[in-house]
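Here's the letter readout for the chains.
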Amino acid sequence: MNALVPGTVVAGKYRLLGRMRSVEWAQWWMARDLATAAEITLTFVPVDVIESKDRSTGAVRRYCDRTLALSSRNLPIRAVDVVRPYVVVAAGVPPPTTLEEFGPTSSAAAVQAVTHLVSVLRAVHRRGRTVALNHPTLVRVTDDSLAVLACPAVGFGSSTETELVGLGAVLHTMLVGYWPSAMDPAPPGRVGAVAAEARAGHYATLDEFEAALVDATTEHAPANRWTDTAGARTMSVALACAVLAVFGAGGWYLSTAVFGGDYGDINNVVAIPSLPAPTTTPPPVAVLPTGAEAWSAVRAPDNSDEAGRAVDADPATSWSTDRYRTPFAGSDDGIGVLVTFAEPVGVSEVWVTTAHPGTVVEVRTPPDADGTLDSTRILASGVLSLGATHIPVVTPETSRSLLIWVARLAPSGSQFASDFSEIGFTGR
């Protein structure tokens with residue numbers, strides 16, 4: 001293989017554009033995919049480095065398989081090629097901001113960014129992998145200020161313990177703007193203390209670390225401040241009752257002393273008409289789905305094996321589309337999630353949670369067998385915001401399935417993508 005210099009064509013399909021700062025065991029390059037003209041990232045890992053870490057037969061193949069297993073929306077791996085003396089990992093465009101360029105920033109911004117990185121690591125763990133977080137170039141920051149993994153290739157010597165230490169270093173870098181050395185003190189503030197504790201190995205799991213972040217950013221009410229305590233609220237209620245009692249007693253005294261207690265002839269008082277009994281409307285109930293599949297009329301659907309994550313009652317898991325250069329709005333070449341129920345139901349509301357707002361969603365009737373999108377009808381639509389978005393279905397239609405259609409992808413950096421963390425349904 002020729003020396004890696006700008007302009008070199010690798011594997012017959014990638015042209016190198018420029019080298020980026022990287023860890024010592026790999027090279028990272030910006031490149032252009034000659035087939036699509038898209039800018040991508042290439043990671044070059046020397047074969048001899050892989051074989052020095054795993055001396056058994058098939059080490060390079062196992063390394064490629066482990067790397068491909070990490071592919072997801074946050075790590076969009078396109079291909080892994082063995083072009084000796086390197087294993088070449090091709091992935092989507094990296095976020096533009098390095099970790100050190102992002103800091104120093106506020107505690108709130110740092111916590112938001114690192115919390116997202118924790119969710120990325122959980123997805124990696126579900127695939128039975130861990131990643132190295134021992135260098136500032138291993139993490140980048142997206143346009144919406146979320147920390148993600150910069151390198152899709154599997155590192156060496158990583159574990160959950162080293163990941164947690166690395167998370168502390170990432171948080172430290174965001175707070176002060178530089179990667180910490182062993183002797184650097186904790187950044188100021190409660191979030192800075194969490195960063196130092198993580199670097200010192202005080203947390204055993206991602207859940208413990210995330211709980212410490214939440215606690216560090218939660219406003220604690222000062223002790224003995226009666227205005228913020230339950231006792232104060234009781235005191236306020238008691239005072240209000242006392243005031244009402246005083247005015248009530250005074251009013252009774254005035255009415256009897258001044259007006260002699262004569263309330264007139266009550267026989268001529270007009271009776272208050274009785275109100276009709278309120279009509280009872282059946283309360284809304286949750287409609288539980290039995291399954292889900294990714295659906296597209298004209299192509300293989302994205303991440304079809306992960307569609308069930310959108311209805312598994314676990315907001316930590318999600319189904320996502322691939323990343324696209326256009327939002328494919330109004331195109332039959334789109335994608336959706338077809339959700340099924342145990343029996344025909346009339347859904348009055350659909351709610352969807354997402355971590356990436358901006359997706360336009362349509363609630364549609366199910367497609368006919370081998371039908372196109374034209375075989376469905378729109379029942380409701382909405383634009384997803386961060387968290388849960390509730391979409392009312394004005395005229396419910398009884399059916400055993402519904403199509404939750406991505407009518408327009410959400411912006412994701414310079415590209416477009418969407419994800420559903422959870423889809424829920426309400427009926428009557």
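Draft legend 1. Highlighting the pairing of strand 22 (residues 422-427). The buried fraction of strand 22 amounts to six of the six residues, a majority that puts the element mostly inside the structure. Residues Glu422, Gly424 and Thr426 of strand 22 are buried on one face, and the alternating residues Ile423, Phe425 and Gly427, pointing to the opposite face, are buried as well. Pairing between strand 10 (residues 285-287) and strand 22: three bridges, direction antiparallel. When the bridges of strand 22 are listed, valine 287 appears paired with phenylalanine 425. For strand 14 (residues 347-354) and strand 22, the ladder comprises six bridges, and the chain directions are antiparallel. Opposite glutamate 349, over in strand 22, you have threonine 426 as the bridge partner.

Draft legend 2. Layout of helix 5 (residues 160-176). The end-to-end C-alpha distance of helix 5, which contains 17 residues, comes to 25 Å, matching closely the 24 Å that a straight helix rising 1.5 Å per residue would cover. Judged by how many residues are buried, helix 5 sits mostly within the fold: 12 of 17 residues are covered. Inspection of helix 5 places Glu163, Leu164, Gly166, Leu167, Gly168, Ala169, Val170, Leu171, His172, Thr173, Met174 and Leu175 among the buried residues, and these make up the whole buried set. Residues of helix 5 that are buried sit in contact with helix 3 (99-102), helix 4 (107-126), strand 8 (139-141), strand 9 (147-149), helix 6 (190-199) and helix 7 (206-216). Taken from the residues just after helix 5, glycine 177 is the one with a positive phi, measuring 95°.

Draft legend 3. Highlighting the sheet that holds strand 6 (residues 86-91). Spatial ordering of the open sheet is given by 1-2-3-4-6-5, a layout of six strands whose pairing is antiparallel. The open sheet has two free edges, formed respectively by strand 1 (9-10) and strand 5 (77-83), since each of these has just one partner strand. Where strand 1 and strand 2 (residues 14-20) come together, two bridges link them in antiparallel fashion. Counterpart to valine 10 in the pairing with strand 2 is tyrosine 14. Each of strand 4 (39-46), strand 5 and strand 6 is contacted by helix 2 (residues 59-68), which is oriented at about 170° to strand 5, the strand it contacts most.

Draft legend 4. View of the packing of helix 4 against helix 7. As a packed pair, helix 4 and helix 7 sit with axes 11 Å apart at the nearest point and diverge in direction by 165°. One finds that helix 4 runs roughly antiparallel with respect to helix 7. Relative to helix 7, the crossing made by helix 4 is left-handed. On helix 7, the residues that touch Val111, Val114, Thr115, Val118, Leu121, Arg122 and His125 of helix 4 are Leu206, Asp207, Phe209, Glu210 and Leu213.

Draft legend 5. Up close: helix 2. When helix 2 is considered as a whole, its buried residues turn out to be Ala59, Val60, Tyr63, Cys64 and Thr67. What you see down the axis of helix 2 is that its buried residues fit within an arc of 135°, all on one side. Contacts from the buried residues of helix 2 go to strand 4, helix 1 (47-53), strand 5 and strand 6.

Cut-offs used in this document
Residues numbered from 1 in each chain as written. Predicted model: local features only at pLDDT ≥ 70, side-chain atom pairs only at ≥ 80, totals over all residues. Heavy atoms only, no water. Buried < 20%, exposed > 50% of the residue type's maximum accessible area, 1.4 Å probe, protein only. Helix = DSSP H or I, 4+ residues; strand = E, 2+ residues; numbered from the N terminus. Pairing = 2+ DSSP bridges. Expected span 1.5 Å × (residues − 1). Contact = heavy atoms within 4.5 Å. Axes fitted to C-alpha atoms, helices over the stretch in contact; angles between N-to-C directions. Parallel < 35°, antiparallel > 145°, perpendicular 65-115°, else oblique. Left-handed = near helix turned anticlockwise from the far one by under 90°. Arc of directions from axis to C-beta.

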